[in-house]
Amino acid sequence: MTFVMRPYLAIIKDSFREALASRVLWVFTGVIALVLLAIAPLGYQLDLTGPFAWGDIVDGPQLAKRLREAGGAEQDSPAKRIWSLLDEDTHKAVDGLVKIGTGEKRREGQGEQIFRGVNALRKNLNKLITRPDFYEAKAWGELSLPKEAKDFVTRGTDNLSKIELQRMNRLLIEAAFPSNFSWRSSDSISITYFWLASDPLPFTKKQVEYFIKEWVLTSVMDWIVGVFGLIAAILITSTVIPQMFEPGSITLLLSKPVSRSLLFTAKFVGACAFVVLNVTLLIVGLWLIVGLRFEIWNHGMLSCIPVFLFMFLVYYAVSALTGLVWKSAIISVVVTVLFWIGCFAVDFSHFLLDEAIMGPQRITRIIEAEGALLTVNEGGTLQAWDDEAKQWRSASEKRDGPGIPTLDGPFFHDASKHLVVGLGFRHPFGGSAQRISLRVSDAAGGWKLGEGPPVPTGTAKFLIANDGSLLAIAADNIFRFQGDLGAKTSSVRILGMRLPMLGGADFQPCLSGERPNFSDPVAAAFDPVQPRLVICSANDLYLFAQQGDGSFREVARQSLASKDKQGSAVAIAGDLVLVAREEGKVLLFSASDLSLKHELTLEANSQPRFASVSPDGYQFGVVFQNRFLWFIDAQTGAARRAPVSAQGEISGFAWTGERLFVADYANRVVAYDPKSLARERVYRPALSRWELAYYYAIEPLYAIFPKPRRLHKTVQYLITGKRTTDLGLFQGDLTLQREDLRPWQPVQSGLVFVGVLLVVACVYMERHEF
């Protein structure tokens, strides 16, 4: 066998020798070395989180009010100490915020006044945390401090470094006002280059590593290797096949007892030498720099070498076949470039229609109210089904504001016959906690959303109890709504987002005495059968029982094992509490003491998105970011993929009344019988022209066309190990859509394409005389 393959191996070896002797190879090697040397000094340093950044203060008017009231009190307190150290200009700014917060008549420009007042307060607090005399034992004596702050206090200010002093004083301020400051990791990151360092960034080390793996590495390798390097490789290797047919070369080759097909294949494989050498050098160099400078030893990067080689093979298959037929390097380059343009056009058209047309109208949430079927799509639009026109009719307007729009609900408040929706904005990279406001609508108003009553400060979640009452989960309490949902409220616009006036008087607290602090991200669910409430706050799980007077009593508490804060989707029914974690695992706890009973991995490399429970409490449902729906028995914990159609395209589901609704294929909703899962009705509007083009032209063309440009998604998957990703933009909020990378789709289509072209080239080589 070795003797038979010897001539072909010799051809491949000669190709590597030619590549090593090529001046072009050494030019590219030099360029790669210069790029690596320029990147090598880039690194980071880890600092303690000290100064307050913009967005760290939550509800500035309420914080100002608490400071102002404490300033006039006789009793020593942290707030009084802070007030006494603020300068006169900050006192005036605080007084201005207090006037706004206490409900004076709104005027144009007060949103800017709030912005300036909060910013002035933030800057002065940053001055205070640098003071060695800031802490007074009598002021903080009765306050429970976190362990980190206690350790600093025990050491004494004389033994603290400058940044440790700032960190201690920041913790003291946060302990005094836990609901008025966003949670921040104890560590902050500064980017360094040689001896230069940036200001501390409001990101954790995990977020920086996530961003580097998800964005920086994939982008660098995609552009340097996947575009510039690939174009250069095509230009250089375009002469390999045409040179084989130069006078004397082809005669010498064919005079030997060799197979023409294997001869062509050997030349094809040998042409990869140039790409293998350069890609290996660049990726290994990046791997070493990222490992040594950022301590990210990601072996998935090394797995990307064959991916980029395969990307080259897809384009070179076109170049080689063209060179074989026309025996011209120029024609090979031109045809390959045209092929690249065609791939780009098909891929971009599919991306554009999918993101701009299909994506925003993909339904994620469903509810039945007063006989109407209402849904929320990916774009955050509330819409109602018009049975006469057979279409979805919008019932809300597009939202603009500071951050990524979020939506909680919708819920139907049966007592008032109002639909309840929580609207808010989440800052990218989890920079600050999400705070939401209330919107309401009813059937008489065509389900058009209007402003609801003011909500408690720090509200993070709404839900409906099994007795029909509306609950709000805030940072420091659970509130029950006892007012009129239809009452009109005044509001103020801040940074483009309309917020209700400070208040929430219609919401009554349900926890008394010592109570937990619910830090972001918060997820909550009510048992549909029993009066029980479960709340997951970051890595803490709480179980509450509702008492006869409507208050709640903490029954059990459990800490979830995790090094970093994670988001969750939760549900409770029967004997189990379901907690679907951001890492992808589904945890089942005992509904009596929150002891762990089962740990499930249902969809590897994908995160859960929504969790719910059937009205009878019989089974849970979990839909994942890769659009697969699972059912889990609420008594035994047995799990199965839901036996419904369109698995892999399911974007939302809901049990409402006596039916199970499943949203799939963008804007279609299918109603099933919850017991037999027999299909009862389909809600789907007529296809628009753009949708017709997408389903009957772009989608089929995209399915059969090779996708070399999509191989960067394969690279991203190999580096991160996750099939779905959000690029780190909203860690902790599982309800927001993550991108499904579908990493092996371009590999499969590329293998078929390369295989077909090689077969055609071999047949042509065998049947033509040269």
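Worth saying up front: this structure is predicted, and the values here are computed from it rather than measured.

Cut-offs and rules
- Residues numbered from 1 in each chain as written.
- Predicted model: local features only at pLDDT ≥ 70, side-chain atom pairs only at ≥ 80, totals over all residues.
- Heavy atoms only, no water.
- Core = buried A, V, L, I, M, F, W, Y, C linked by side-chain atoms within 4.5 Å.
- Buried < 20%, exposed > 50% of the residue type's maximum accessible area, 1.4 Å probe, protein only.
- Contact = heavy atoms within 4.5 Å.
- Phe/Tyr/Trp six-rings, centres within 6.5 Å; stacked < 30°, edge-to-face > 60°.
- Lys NZ or Arg CZ within 6 Å of the ring centre and 35° of its normal.
- Pairing = 2+ DSSP bridges.
- Helix = DSSP H or I, 4+ residues; strand = E, 2+ residues; numbered from the N terminus.
- Axes fitted to C-alpha atoms, helices over the stretch in contact; angles between N-to-C directions.
- Parallel < 35°, antiparallel > 145°, perpendicular 65-115°, else oblique.
- Left-handed = near helix turned anticlockwise from the far one by under 90°.
- Nonpolar A, V, L, I, M, F, W, Y, C, P; charged D, E, K, R; others polar.
- pLDDT = per-residue confidence, 0-100.
- Expected span 1.5 Å × (residues − 1).
- Polar contact = N/O pair within 3.5 Å; in protein donor to acceptor, adjacent residues only side chain to side chain.

Caption draft 1: Looking closely at the nonpolar core. With 58 residues, the main nonpolar core has Met221, Phe264, Phe308, Phe312 and Tyr316 as its most contacted residues. Not counting residues up to four positions away in its chain, the partners in contact with Tyr316 are Ile234, Thr237, Val240, Ile241, Phe268 and Ala271. In this structure, Leu67, Ala70, Val98 and Ala139 belong to the second largest nonpolar core, which totals 37 residues.

Caption draft 2: Region of the structure containing the packing of aromatic side chains. Evaluation of the coordinates by the stated rule reveals 26 aromatic pairs. Ring plane angle 55° and centroid distance 5.3 Å describe the contact between Phe134 and Trp140, whose orientation is recorded as tilted. Centroid distance Phe653 to Trp655: 5.6 Å. Interplanar angle 85°. Geometry classified as edge-to-face. For Phe653, a relative accessible area of 8% corresponds to the buried category. Accessibility expressed as a relative area gives 10% for Trp655, which makes it buried. Aromatic rings pair up to connect Phe264, Phe268, Phe312 and Tyr316 into one cluster. The ring of Phe628 has Arg641 lying over it, and the distance from NZ or CZ to the ring centre is 3.9 Å. Between the NZ or CZ atom of Lys707 and the centre of the ring of Tyr702, over which it lies, the distance is 4.8 Å.

Caption draft 3: Inspection of the sheet that holds strand S7 (residues 391–394) at higher detail. Pairing within the open sheet is antiparallel, and its four strands lie in the order S4-S5-S6-S7. Each having just a single partner strand, strand S4 (363–369) and S7 make up the two edges of the open sheet. On average, adjacent strands in this sheet sit at an angle of 35° to one another, irrespective of strand direction. Pairing of S4 with strand S5 (residues 372–377) involves six bridges; the strand directions are antiparallel. Across the sheet, Glu368 pairs through a bridge with Leu373, a residue of S5.

Caption draft 4: Geometry of the sheet that holds strand S12 (residues 461–464). With antiparallel pairing, four strands are arranged side by side in an open sheet as S12-S13-S14-S17. Each having just a single partner strand, S12 and strand S17 (507–509) make up the two edges of the open sheet. Across the sheet, the axes of successive neighbouring strands diverge by a mean angle of 30°, strand direction being ignored. Here strand S14 (residues 478–481) runs beside S17; their pairing, made up of three bridges, is antiparallel. Along S17, the bridge assignment pairs Phe481 with Phe507.

Caption draft 5: Molecular detail of the packing of helix H15 (residues 304–326) against helix H19 (residues 745–767). Direction vectors running N to C along H15 and H19 enclose 20°, while the axes themselves pass 9 Å from each other. Relative to H19, the element H15 lies roughly parallel. Of the two possible hands of crossing, H15 and H19 adopt the one that is left-handed. Along its contact with H15, which presents Phe310, Leu313, Val314, Ala317, Val318, Leu321, Leu324 and Val325, the element H19 presents Pro746, Val747, Gly750, Leu751, Phe753, Val754, Leu757, Val760, Ala761, Tyr764 and Met765. Per-class residue counts for the contact of H15 with H19 are 18 nonpolar, one polar and no charged.

Caption draft 6: Spotlight on unusual backbone geometry. Here Gly409 and Pro410 are connected by a cis peptide whose omega angle stands at 0°. With respect to the helices, strands and loops of the structure, Pro410 is situated in strand S8 (residues 404–413). Unlike most non-glycine residues, Lys327 shows phi in positive territory, near 55°. Structurally, Lys327 is set in the loop between H15 and helix H16 (329–358). Under the relative-accessibility criterion, Lys327 is labelled partly exposed at 35%.

Caption draft 7: Focus on the confidence of the model for the protein chain. On average, the protein chain scores 84 in pLDDT, and the residues at 70 or more come to 89%. Contacts from residues 102–109, a stretch scored under 50 in pLDDT, to residues over four places away or in other chains number seven contacts. Long-range and interchain partners of residues 490–503, a stretch whose pLDDT sits below 50, account for 43 contacts in this model, where long-range means more than four residues apart.

Caption draft 8: Expanded view of H16. A rise of 1.5 Å per residue sets the reference length of H16, with its 30 residues, at 44 Å; its end C-alpha atoms lie 42 Å apart and thus fit the reference within 8%. For H16, the set of buried residues is Ser332, Val333, Thr336, Phe339, Cys343, Val346, Asp347, His350, Leu353, Asp354 and Met358. Where H16 begins, the capping side chain belongs to Ser328, and its oxygen is found 3.5 Å from the backbone nitrogen of Ile330.

Caption draft 9: Focus on the pairing of strand S19 (residues 532–537). Counting buried positions over the six residues of S19 gives six, a clear majority of the element. Across the two faces of S19 the burial is the same, with Arg532, Val534 and Cys536 and Leu533, Ile535 and Ser537 all buried. Across five bridges, the pairing between strand S18 (residues 522–526) and S19 is antiparallel. For Ala523, the partnering residue across the bridge sits in S19 and is Cys536. Two successive antiparallel strands, S18 and S19, enclose a turn made up of five residues. In this structure, S19 lies alongside strand S20 (residues 540–546), joined through six bridges in antiparallel fashion. Bridge assignment links Arg532 to a residue of S20, and that residue is Ala545. Counting the residues between successive antiparallel strands, the hairpin from S19 to S20 contains two residues, one of them, Ala538, with a positive phi of roughly 55°.

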